[in-house]
Amino acid sequence: MSTTRSQLPDNAATLPSWLELQADCRGGEIALRHKRAGVWQERTWSEVHAEVRRVALALHRRGFRTQDRLVVISHPRPEALLASLAAQWLGGQAALLDPHDELAGQLRLIDELAPQFVFAEGRDQVERLLDAERIPGLLVYADGRGMEATRKATAGARRDGSGLTAYGDLLEQGSGAEIEPRAHAGEVAFSIYRRDAQGEVHVQFLRHDELLGHGRTLVRSEQLGAKEEAFAARAFAASAQARYLVAPWLIAGFRLNFPENLATRDNDRREIGPTLVAGTRATYQRVEHWARERLPQRGTGRRSVVDWALAGRSGLMRRALGYWLVRRPLRDVIGFTRTRTPLIIGEPLSEESQRFFAALGVTVRAWPEAVGWQRHAQRSGPPSRAWIDFRTSPAAFDGSANWGQA
């Protein structure tokens, strides 16, 4: 039998402890959905919990220790989230990089971080690392499409081929035993990196207790429960995703849905019909532009009906006809049919955009973006031993290298 939100204790202190709690209370309920090859794939809370534990054990067996960092370069997908939770399970942190960052700048940042453990979504992200002419001790990828040639090239340079590992293979390496969670409330769960217009790197550290505090506030204020359907259309490199989706998801126990890719996100959102949408000003502007492109041309009779329905004037007939003829179909087009909690993080909408969504019956509520960005301290001295130039030093991969911590 499932447990209601009010029956859940509120004293879990870390993200992994909340995952354990949800697995105990809602084990058979759906926690994640991800569209793959046109079909929605589901994971229950028990399955998510088991997968995180297996990834954590596999990372531990590959040398990941408390205070280590897993660098994540990925668009929204369950494997990126679960790998992050696995790193946190071990008392480490997930360092989130924006997959849309320009190539040269991201390579400089990766070279500066010199990570030993990296989760990269697929071929594009893996090849960014290889273009830096270095490979971490463990490079995990989720999407295997186009990776065969890359794997062969890497294995040829590194004799044991152990650096580049498919996510599914990593899961297999985590079977047969268990490892207890080692996270603590005051430790960093996520570190998020971005580069400003001048090229300076800034970082934000988000602790477990901080994330859970913000998550509880959102759950209470917006009255979120386990029946919510949330949609994750942006990369987790945005701090808003950790604060306003990941933490509330673990606390309230609702379903988190991932699109197949960014190109399909609008259609995927329409299929899911999320009740909770958390985005930035750019998110809502893109949705508004997408909706306006589908309106009839100005000067036509059909456009006159649309303008009449969206005018926002009083009258029972206008409200009823406008809803069934225009507002409801338009909300369905943009995937907001069931949305009752539309949140904008950071910079608010323009007055024109606010009026557009309000005319559809969508009242977008603003929540503050996280503060506390600080300049990233530049590394001094030689690169970390976590980086080895595999194109010039293949002998380093004989299994005897003394891997340093990032």
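Structure shown above.
Bear in mind the structure is a predicted one, so any value in this text is a computation, not a measurement. (Residues numbered from 1 in each chain as written. Predicted model: local features only at pLDDT ≥ 70, side-chain atom pairs only at ≥ 80, totals over all residues. Heavy atoms only, no water.)

(A) Representation of the packing of aromatic side chains. This model, assessed by the stated rule, comprises nine aromatic pairs. Feature note: the residues Tyr-284, Phe-336, Phe-356 and Phe-357 constitute an aromatic cluster, connected by ring pairs. (Phe/Tyr/Trp six-rings, centres within 6.5 Å; stacked < 30°, edge-to-face > 60°.)

(B) Spatial organisation of the layout of surface pockets. By volume, the second largest pocket is sized at about 480 Å³. Along the walls of the second largest pocket sit 18 residues, with Arg-77, Glu-121, Asp-143, Arg-145 and Glu-260 positioned nearest its centre. For the lining of the second largest pocket, the elements supplying multiple residues, two or more each, are β1 (30-36) and α5 (123-131). Residues of the lining of the second largest pocket, tallied by class, amount to four nonpolar, five polar and nine charged. (1 Å grid on protein atoms, 1.4 Å probe; cavity = no way out; pocket = protein on both sides within 12 Å on 5 of 7 lines; lining within 4 Å. Points joined across faces, edges and corners; volume = space filled by probe spheres on them. Helix = DSSP H or I, 4+ residues; strand = E, 2+ residues; numbered from the N terminus. Nonpolar A, V, L, I, M, F, W, Y, C, P; charged D, E, K, R; others polar.)

(C) Representation of the side chain of Arg-265 in the model. Relative to the helices and strands, Arg-265 is located in helix α10 (residues 265-272). Put simply, Arg-265 is tucked away with no salt bridge, and the nearest opposite charge, on Asp-266, sits 4.9 Å away. Apart from the residues lying within four places of it in its own chain, the contact partners of Arg-265 are Phe-231, Ala-233, Pro-259 and Arg-286. (Buried < 20%, exposed > 50% of the residue type's maximum accessible area, 1.4 Å probe, protein only. Lys, Arg positive; Asp, Glu negative; His and termini not counted. Salt bridge = Lys/Arg side-chain N within 4 Å of Asp/Glu carboxyl O. Contact = heavy atoms within 4.5 Å.)

(D) Up close: the pattern of salt bridges. Counted by the stated rule, this structure contains 26 salt bridges. The partner of Arg-26 in a salt bridge is Glu-29, and the shortest N-O contact between them spans 3.8 Å. Look at Arg-26 and you get buried, because its relative accessible area is 2%. Of the residues examined, Glu-29 reaches a relative accessible area of 21% and is grouped as partly exposed. Salt bridges sharing partners connect three or more residues here, namely Arg-33, Glu-42, Glu-229 and Arg-255.

(E) Representation of empty space enclosed by the protein within the structure. Under the counting rule described, the total for this entry stands at five cavities of 30 Å³ or more. The computed volume of the largest cavity comes to approximately 80 Å³. Taken together, ten residues make up the lining of the largest cavity; nearest its centre are Phe-231, Ala-233, Val-277, Ala-278 and Thr-283. Of all the secondary structure elements, the ones that give two or more residues to the lining of the largest cavity are β12 (276-279) and α11 (281-292). Ranked by residues supplied to the lining of the largest cavity, first place goes to α11 with three residues. Of the residues belonging to the lining of the largest cavity, the class tally is five nonpolar, two polar and three charged.

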